[in-house]
Amino acid sequence: MKKINIAIDGTSSTGKSTLAKQIANKLNYIYIDSGAMYRCVTLFAIQNNWLNGSHFDKESLIESLPDIHLKFALNKEKNDQTIFLNGIAVEDEIRSMEVSNAVSRVAAVPEIRRAMVRLQHEFGKDKGVVMDGRDIGTVVFPNAELKLFLTCSPEVRAQRRYEEMQQKGISASFEQVLSNIKSRDHLDSSRADSPLIKASDALEINTENRSVNELLDHVLKLIAKKS
Ligand code: CDP
């Protein structure tokens, strides 16, 4: 079967990464979590005290972009793929509420987006990549052979994310998670550069009443047709 690139976009916690990871496992594709890349840049800004409450030293962060090295690799301890920021596995740190509350501001900066998209192109150049995010079907891989746009209500998404965070031991209340999701939905959809919108040729799938396996089976059939 010919390898293709698969773009999965949608708001937070619509099931993008679960689906993308399963596709990658099943078909031996590379999974790229583009959101994790923006989260790492945000963590880097926080670590350098360039981002704190309303203070955001955008210029320093942009100047330091060449010092940010991102790599996806297997975390042997967790037997799961994780992102490495300058050689350090930061999977848990980037999922904190602090990072979640700041990431959409960082992701709205055009210079930062350009640097991330350059890397994402590099990851996808040999095909066989499944990438999830907000602008994958519109900006990163406008020629992706398969584009999906996942949707789901904010309440169900917040419940999913809340349970996921509980399992990982990341502290946050349901209300905080819901409010974060709503505010990121708004910022991500209304920003000037690469807003979250459905590509005209993307297939919209509501994940609310579909089981994970049902969704995977459906998507594997779509991939087979395109390969
Ligand atoms: O995990 P969740 O779906 O909540 O979000 P994520 O995929 O980790 O993305 C975190 C944030 O990064 C989003 O809310 C966007 O602000 C930004 N992002 C983006 O701008 N473009 C992408 N391709 C991926 C994420």
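Heads up: the structure comes first, above all this text.
To start, this report covers the structure provided alongside it. (Residues numbered from 1 in each chain as written. Predicted model: local features only at pLDDT ≥ 70, side-chain atom pairs only at ≥ 80, totals over all residues. Heavy atoms only, no water.)

Turning our attention to the packing of helix H2 (residues 34–47) against helix H5 (residues 110–124). Packing of H2 against H5 leaves a shortest axis separation of 11 Å and a crossing angle of 140 degrees. Viewed along their axes, H2 and H5 adopt a mutual orientation that is oblique. The two elements H2 and H5 cross, and the hand of that crossing is right-handed. Of the residues in H5, those in contact with Ser34, Met37, Tyr38 and Val41 of H2 are Ile112, Arg113, Met116, Val117, Leu119, Gln120 and Phe123. Partitioned by chemical class, the residues of the contact of H2 with H5 number eight nonpolar, two polar and one charged. (Axes fitted to C-alpha atoms, helices over the stretch in contact; angles between N-to-C directions. Helix = DSSP H or I, 4+ residues; strand = E, 2+ residues; numbered from the N terminus. Parallel < 35°, antiparallel > 145°, perpendicular 65-115°, else oblique. Left-handed = near helix turned anticlockwise from the far one by under 90°. Contact = heavy atoms within 4.5 Å. Nonpolar A, V, L, I, M, F, W, Y, C, P; charged D, E, K, R; others polar.)

What the rule picks out here adds up to three aromatic pairs. Consider the rings of phenylalanine 72 and phenylalanine 123, whose centres lie 5.8 Å apart with planes at 75 degrees: the pair is edge-to-face. In this pair, phenylalanine 72 is assigned in strand E5 (residues 70–75) and phenylalanine 123 in helix H5, connecting sequence segments 51 residues apart. For phenylalanine 123, a relative accessible area of 25% translates into the label partly exposed. (Phe/Tyr/Trp six-rings, centres within 6.5 Å; stacked < 30°, edge-to-face > 60°. Buried < 20%, exposed > 50% of the residue type's maximum accessible area, 1.4 Å probe, protein only.)

With that out of the way, let us pick up the site of the ligand. Of all residues adjacent to the ligand, which total 20 residues, the nearest are Ser12, Arg39, Arg113, Asp188 and Arg191. Contact distances for the ligand include 2.6 Å between an oxygen atom and a side-chain N or O atom of serine 12. One of the side-chain N or O atoms of arginine 39 is found 2.7 Å from an oxygen atom in the ligand. Considered on its own, the ligand offers 520 Å² of accessible surface; in the complex 97% of this is hidden by protein. Breaking the shell around the ligand down by element, the ones donating at least two residues are H2, helix H4 (97–106) and helix H8 (174–190). Among the elements that take part in the shell around the ligand, H2 stands out by supplying four residues, more than any other. Split into classes, the residues belonging to the shell around the ligand amount to four nonpolar, six polar and 10 charged. (Near = heavy atom within 4 Å. Polar contact = N/O pair within 3.5 Å; in protein donor to acceptor, adjacent residues only side chain to side chain. Areas by Shrake-Rupley, 256 points an atom, 1.4 Å probe, with all protein chains shown as cover.)

An α-helix turns once per 3.6 residues; consequently, residues spaced three or four apart project the same way. Between its first and last C-alpha atoms H8 spans 24 Å; for 17 residues at 1.5 Å apiece the expected length is 24 Å, and the two agree. Buried within H8 we find Val177, Leu178, Asn180, Ile181, Arg184, Asp185 and Asp188. Take H8 and look down its axis: the buried residues cluster within an arc of 160 degrees, on one side only. For H8, the exposed residues lying more than 90 degrees away from the buried face are Glu175 and His186. In this fold, the buried residues of H8 make contact with H2, H4 and helix H7 (154–168). (Expected span 1.5 Å × (residues − 1). Arc of directions from axis to C-beta.)

Let's shift gears to the pattern of salt bridges. All told, the structure shown has 12 salt bridges when counted by the stated rule. Taking the shortest distance from any N to any O, the salt bridge between lysine 21 and aspartate 80 comes out at 3.6 Å. Placement of the pair is lysine 21 in helix H1 (residues 16–27) and aspartate 80 in strand E6 (residues 80–85), with a sequence separation of 59 residues. Judged by relative accessible area, lysine 21 falls into the partly exposed class, the value being 33%. Between arginine 161 and glutamate 164 there is a salt bridge, with its nearest N and O atoms 3.2 Å apart. (Salt bridge = Lys/Arg side-chain N within 4 Å of Asp/Glu carboxyl O.)

Further remarks concern the sheet that holds E5. Taking strand neighbours across the sheet as the criterion, the three strands line up as E5-E6-E7 in an open arrangement whose pairing is antiparallel. Looking at which strands have only one partner, the edges of the open sheet turn out to be E5 and strand E7 (88–89). Here two bridges tie E6 to E7, and the two strands are oriented antiparallel to one another. Bridging from a neighbouring strand, leucine 85 pairs with isoleucine 88 of E7. (Pairing = 2+ DSSP bridges.)

Let us now look at the environment of lysine 2. Mapped onto the elements of the fold, lysine 2 is located in the segment before strand E1 (5–10). For the pair lysine 2 and valine 103, spaced 101 residues apart in sequence, the C-alpha separation works out to 36 Å. If we skip the residues at most four places from it in the chain, lysine 2 touches Tyr29, Lys226 and Ser227.

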